[in-house]
Each structure stands twice: as C-alpha cells, then as structure tokens.
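In case you want the letters, here they are:
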Amino acid sequence: MAMSFVSSPHSARVNRVDQVMLQVSLALVPGTLVMVWFFGWGVLINMALATVFAVIAEALALLLRRRPVLPAIKDYSAVVTALLFALTIPPTLPWWMTLIGILFAILIVKQLYGGIGYNPFNPAMAGYVFLLISYPVATTSWLPPDVSALLEARDLSTLSLIDSARLVFTGALPEGLSWDAITAATPLDEMRTLLDQGQRIDEIRASSPLWGVFGGRGWEWVAAGFLLGGIYLLRQHVITWHIPVAVLGGLLSASALFWLLDPQLYPFPAFHLFSGGAILGAFFIATDPVSASTTRRGQLIYGAAIGVIIFAIRTWGGYPDAVAFAVLLMNIAVPTIDQYSQPRVFGQRRSARKKA
Amino acid sequence: MRLFTIRGGVHPEDRKALSAGRPIEVLPIPKLLHIPLQQHIGAIANPLVQRRQYVAKGERIAHAQGAVSAPIHAPTSGRIVGLGLYPANHPSGLSVRTITLQPDGKDRWHKRIEGVADPFALEPAEIAQRVADAGVVGLGGATFPSAVKLGLGKRYALSTLVINGSECEPYLTCDDQLMREQAEAIVDGARLMARALGVERILFGIEGNKPEALAAVQQATAAFDGVEVVRLPMRYPMGSEKHLVQTLTGKETPARGLTADIGVVVHNPATAFAVYEALRFGQPLVSRVISVTGGAISAPKNLRVLIGTKIEDLVEHCSRFREEPARLIAGGPMMGQPIPELRVPVMKGTNGILALTAAETGRREPAPCIRCGSCVQACPCGLLPLAMAAQVRAGDLDAAVSSGLMDCIGCGSCAYVCPAHLPLVQCFNHAKGELAARGRAKQKQTETKRLAEHRAQRLEAQKRAKREAMAKRKREADLKKQAEAAADSEGAAASTPAAAVEEVETC
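Residues numbered from 1 in each chain as written. Chains lettered and ligands numbered in written order. Predicted model: local features only at pLDDT ≥ 70, side-chain atom pairs only at ≥ 80, totals over all residues. Heavy atoms only, no water.

An unreviewed UniProt entry lists chain B under the name Ion-translocating oxidoreductase complex subunit C, from Halochromatium salexigens. In its Function (unreviewed entry) section, the UniProt record describing chain B reads: "Part of a membrane-bound complex that couples electron transfer with translocation of ions across the membrane." (UniProt positions renumbered as here; feature names shortened; annotations may be inferred.)

All names here are of chain B. Within the span of helix H11 (residues 385-393), buried status applies to Pro 385, Leu 386, Met 388, Ala 389 and Val 392. For H11, the angular spread of the buried residues around the axis is 165°, confining them to a single face. Residues of H11 that are buried in the fold lie against helix H10 (374-378), helix H12 (397-402), helix H13 (413-417) and helix H14 (424-487). Directly beyond the C-terminal end of H11, a positive phi value near 80° is found at Gly 395. (Buried < 20%, exposed > 50% of the residue type's maximum accessible area, 1.4 Å probe, protein only. Helix = DSSP H or I, 4+ residues; strand = E, 2+ residues; numbered from the N terminus. Arc of directions from axis to C-beta. Contact = heavy atoms within 4.5 Å.)

What follows is about the sheet that holds strand S3 (residues 46-47) of chain B. All names here are of chain B. Sheet architecture is open: three strands sit in the order S3-S5-S6, paired in antiparallel fashion. The open sheet terminates on both sides in strands that have one partner only, identified here as S3 and strand S6 (72-73). Both strand S5 (residues 60-63) and S6 contribute to a ladder of two bridges, which runs antiparallel. Bridge assignment links Arg 60 to a residue of S6, and that residue is His 73. (Pairing = 2+ DSSP bridges.)

Attention now goes to unusual backbone geometry. Leaving glycine aside, a negative phi is the common case for residues, and trans is the common case for peptide bonds. Residue and element names in this part refer to chain B. With an omega dihedral of 0°, the bond running from Tyr 236 to Pro 237 counts as a cis peptide bond. Position of Pro 237 among the secondary structure elements: in the loop between strand S11 (227-232) and helix H6 (241-249). Positive phi outside glycine occurs at His 421, with the angle close to 55°. In this structure, His 421 sits in the loop between H13 and H14.

The next thing to look at is the domain arrangement of chain A. All names here are of chain A. What the domain assignment reports for chain A is domain 1 (16-184) and domain 2 (186-340). Centre-to-centre, using C-alpha coordinates, domain 1 lies 20 Å away from domain 2. With 37 residues of domain 1 at the contact, the number on the domain 2 side is 31 residues. Carbon and sulfur atoms make up 78% of the area that domain 1 and domain 2 hide from each other, which totals about 2,900 Å². At the surface where domain 1 touches domain 2, the tally comes to zero salt bridges. There are three residue pairs in polar contact (both at pLDDT 80 or more) connecting domain 1 and domain 2. When the residues that make up the side of domain 1 that touches domain 2 are grouped by side-chain class, the tally is 29 nonpolar, seven polar and one charged. (Domains from an automatic or database assignment. Buried area = accessible area lost by both parts, 1.4 Å probe. Salt bridge = Lys/Arg side-chain N within 4 Å of Asp/Glu carboxyl O. Polar contact = N/O pair within 3.5 Å; in protein donor to acceptor, adjacent residues only side chain to side chain. Nonpolar A, V, L, I, M, F, W, Y, C, P; charged D, E, K, R; others polar.)

Set out below in structure tokens:
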C-alpha cells in the first residue's frame, strides 16, 4: 500500500478555531443577558443585525478575493466580531450605522489585510471607533439602565421591543417621548462632566442617581456578567490569565495611584473597572489573539499598557470611555513587543543571542 | 531527588495501554531478511559478503567506514541471496544498498561469539571497542553509534550517565516492557557504559506512567551505589535529551552543544541492554524490541524482531489491521516517520510500528494562523513557531535562523497544539533542508572556485615551464650555432633557428 507523505506529528489535540469562537460566543451570554435586562431589546436587535451584516460582508469579501467562502464563514470569527461590536454600540443606533460599522470592520480592517489571522487591528474595535468618530452623538446616546430609582429621579422611560425595533429601523421615537426622555449619560460620561464642573467625588456620588454599589448603576452588573463569562473562558483554556489580569491590573494600579493622591478628584478604582467596558475589553477584546501579543511577557506588557491607556484617556482624554482606543493603540505596538519579548532560546545566553 | 521544570511541552494522551504490559514475544524467523547498510547516523557500512555465501548468526556482513559508522551483522544463520537496492524504511521510499539473507532456520550463532567473564575488568577503551564491534547504535531512534558516545570521556569532563527511560512518545511501550523484563541486564549494561565513560553516577529517568518499570529498575539498582532511579513527570518531550538533563540537573545544555558540555551523557535503556549482550555474551546487535500498536492494529504487541524483518511480517503476527489505517508510522506519533510501504525492513532504530485510525490522527485541513500563541507556549525551546513559520513562508530563511530555527528540535509540540492545524514541523524541516542545500551549494561553489583557480595556476605554470624550456633550447641552439659558425665558415645557415622555434611553438 502506498501512503502519501505527511509530516510528524501524527496526532493532534482536538482544538479548533471554530470551537474557540463558539466558546467565546457562549461566554458572552451572561453579560448579554444582564445587558438585555437593563437596556432592553435593542441590544439583541443590534446583535442580530450585526451578525447578519458581518456574515454577508465576509462572504462578499471572500467571493471578491476568490477564496473559499464556506470554511471562513464556518470558523465563526465574523460572528464574534459582530457580537463584540454590537455590545459596544448603544441599543438605539440606527441600522445603517451598524451596517457601516460592520462593513468597515469586516471589509477594510479584516479582509483588506488578508482575512482571519492577518488583521493587525481588532476589527470590532476599529469598526466601533470609526462610528464613534463619524457619528459621535448617535454612538454615545445610551439608554438609561432599567432601574426604577434612576428612572424616577431623572424622569426617564424605557423602550419596549416594538419601540426598540422601530427606533433602530426607522429612527422614529415612541409617541410623546423625546430623545432626552429615553437617553441618559453613561456613568463615565457623567463623572467626567461633573468633575469638569469642579464637583468633588463625594458630592457627585451623593447627588447623582447613576451610582450603584461598586460602579455605575446597572452597568456594574453588566460588567459582572462579562466577568463571569471571562472566568468561563479562563477555565476552558480559551484564553490565559495574562492579558485580562494585565489589563485590569494596569487600570487598577493607575487609578489606585491617583485615587490615593486625591480621592476627591480621581474616582475610586472599582468605578473604573465596573462602569464602562473595562471588563468586556480585558477578557473579550484585548484577548483577541490575532491582534494581541503572542509571548507571555509580551502579553503582560500589552495588557498593562492597555490598562494604563484606558485610565489616561478616561481621565485626561477627549472620550469618556477608552477601551477601543487603548486596544487599537496597543495593536500597533504588537509587532515590536513580540520582537523584544521572545522567550530565551533553550541553551542560549541573552548576550549570545544578539550575535546569532 | 529534586527535579527541575522545563518550559513548554504538551500532554498528549499516551495511549500506552494498547500494548503496555504485554510480554515481549519473539517473532519467528521470517523467510527473508532485508538488511540495509545504512541503519545509523554516519557513513554507510561496507559489505563484506558475496552472493550465495553462507553466514552464521552474528557474523559481520558489513564493516564500519570512518569514525562515525557502525558494522552490521547477520541477524540469523543463512545464505546471502542478494546484494543490491531495496526500498528503505524512510519516508522517501527510495532504495538503499541492502543485503538480502535467506535464513536456514537453524539460527546458529557464529562460533567465535563469546562473552567476557568479567567485563568490569576491561579497560574503558576496550569496552567501547567491543560496543563498536557489536554494531550498537542509539536504539531510542537517533541511531548514533554508541561507541562514539562512550568515547566522550576522553574529551569532556563527565560526571553522570543518564539512562533515558522516559519513553515520552505516546503509544510506544518497548522500553517500558524491556525495563520490566530485563531490568538487571539493563542496569548491568548501564554500569558497563558508566565504566567506559569513567563516571561514577548513573541516573535512570523513567516517566511516572510506567510504575512497573520504575519498580523493576529500582529493585535492580538497589545493590549499587551511585545509581539512582528518578520518577519523571509526564510531559512531552521529556525524552529530548537536553530537556531530560535539564529536568534532572537543572543545567541547560548550551545551544547546539552536546549534553557532554555539562558533563552528562544520555543513553537509551535498549542501548544499555545491547551493551550488556555485547559484553557479557559477545552478541552483536541483531535484534531489537518493537511495539506494534495503534488503534488500527488488531492485536497490539511488543515483539523482539530480527533486524531486516519486513514490517509486513510484524503486522501479520499482530493479526493484521482491525481497520484500514489512516497512517502508518515508524516510531512514535510525535516524531515518527511515515512508512512508505509495508515491505520495508525493520532497522536498528525502529522502536515502534504504529497504525493509526483517522480519528487518532486528528488531522484536519490547515487554516490560517490566528496568532493564538499556543505554539509559543508549547515550544520547549523558547522559540516563536508562528513567527518562524511566517518567515519561512516569506522565504526569509536568514530571519528564521536568527529567530532560532536551528535550535528547533522538531518535537512537534507546536503542531500538536495548533488550532489551525498548520504543518509547522514540515515547514521547519523544509527550511532546514533548504538551508542545508544552500550550505552544500555554497561549499560546492567555493570548491569549484578553488579548483578553477588551481587549474588556472597549473596551466599557467605549465605554460611558463614550456616557455622556459623553449627559451633554454633556443639559447642552446644559438650557442651551438655560434660555435658551429665560429668553427665553420660564416653565412649560410642563419634562418634555421627561427624555423626551429616556429616548429616548437605549434606543438
């Protein structure tokens, strides 16, 4: 019998890209459920829309590139990009903005660079930042979390499924409601605005109904849901602890340092962790393998830098939240980090390697 | 004893239960033996026999050529029926020079085969010489001539002999079974090797998934000082000698150096057993233990097989295949080589025959790298397989070399964990082959240049010599003529010398 030549090893761990992606999607479930609970059906509508757009855009790009379409669709990477993108945009975003964001993410950021594995930037975050810059108002108009105390204090309303769908697809607000009645500043936004007005943290915490137990009201539970999913990913060995711990560690230590300097001027560290996208970013976005560092030391550097940049932009930058910018900024640095963080080759001394 | 950790590595499912604990069966003498002359690293052996010659078991049929080589002996008594090319047990399936022997079934040892009563009384060099004469090579699969390694004591300050009983490759159980059954012989062989090396300390490293072998070797070593049995953690590639030495001693072998650089020499237990047989009984290496296993084999077994037996005969003895194997491998699943066809022979370095089902291979179509870094985590050598693969694919071999291509031991841990199922080992082996070819081409080029310059010089020298000879002759002719002219009358013969010169120039 003749056998074609195949190289060793002749066995492999059952470990596939599509399963990794499915587990990531599964891990998003708890956080997503909490988000739907607090922010209504718009979240799910966005996710469904983004997924459909992403798969179509991916298929289209592959057809144009004359590459096999099915295997690429079946690895679910486009779906994960779509889900992460949908979780970052407000539930009120018009459908065509979602489309633009997804097209940018999939066609330009991912496929123009060569498809899965070749994109230097995280497509979901690049798509989000593209929208954020192009449509700053629409992308920052968040619904208030569905917490009765908050709704009463600010005289706000929530949206039903029909209302959400109508808003997303036609842009029509429910009868008798204005934008002001259905949107509210995010906790990070409010904190910045009030700090800029010279208020002290104690005053802000006492006066605003936006604060919950350890973060923004509602938001803190969304973050906790994503934390749960992140722990699941760790336990399933889909991700390692290095990047999430480094991101959160970087953010925590930077915020703790300044908070210790002046707790009235700089919000307490847990606020940073549980009010915005920090947890989602640390476990789901910064860990995107394609655009992250691949060495252990590199991952720690990459993660910690993301954490510090998040704090810096939130504190002194022009945007209330900063996960997307921080991740994209560090994506640029990955090739350099990788080059300088290679583990020591067995049997080689550090100095000897330079010569070799 | 304190053990040290190594970086990277993987935990493949060991699947040793298929053949573990099955007593070593002696395979009946087959109808024909095909004994390749290249079964070891180094120069090919030179045949000593002719067709139709009768040979006894253990008679030398090919002798070693050069410093790194090994002789080959008749695995059984019989007649030489062929001396020619036969497909090699090598993935290429190309033919190599092979001696074909038709056994007479008597299995009669050569009369001069006899052991040494007290081999420990021999000089170290004498032990190494006998090991060399017995054709013993590294039986773990590397097939480096063992005697060369036993002579390392002359050039290196050695402290320890390590017997590598880790058998970290999944499926294989031949060393395990040999250690269970022949622990005392292995320990004896190891002590002889230690004597040849001039070291006092012997460490047996055996992975924890072989408790019976551990117990057997422990019992066999109990009486001796300086011999220690170490239970190794189960992790692939524990059997890589540099990593094994690091686990045991905490010391790292310098890149591209030998473990002897840090005072350690590593041998396989089957090699120790062969040394024992060579010294105690004078028997050369003519058979070895092989695991025939894998999900597609009907009855997995550990067999003692004559060198040169066709793999077909082994498979036959194990009741053939339960199902059509998706892959046939000589060696273990992590580093073994595909078997081109079933009629190729067993060689000294063949430690396992694996017939794997499609489910066992877990093979899938390669997908793009998603830079997950699993390979970086798995690499025991601290390399970045994904970056190296990208460099090789881009044709930038120099960059791959500077990121450590030559430090890759080809263990396959990276490809094993790759979720995109990229053929990383193949990629690196291709690059190493390409670099070797480049090296050879460059060497050829410089050699050609050297020869061309040499030739030019030689021609130049010839021309010069001819010119000088001519000038000399001309001078002599002139002198002669002058003399003649002086003697005779003046005038007539003035033009003859020029004609003579012309004649010389045209020849």
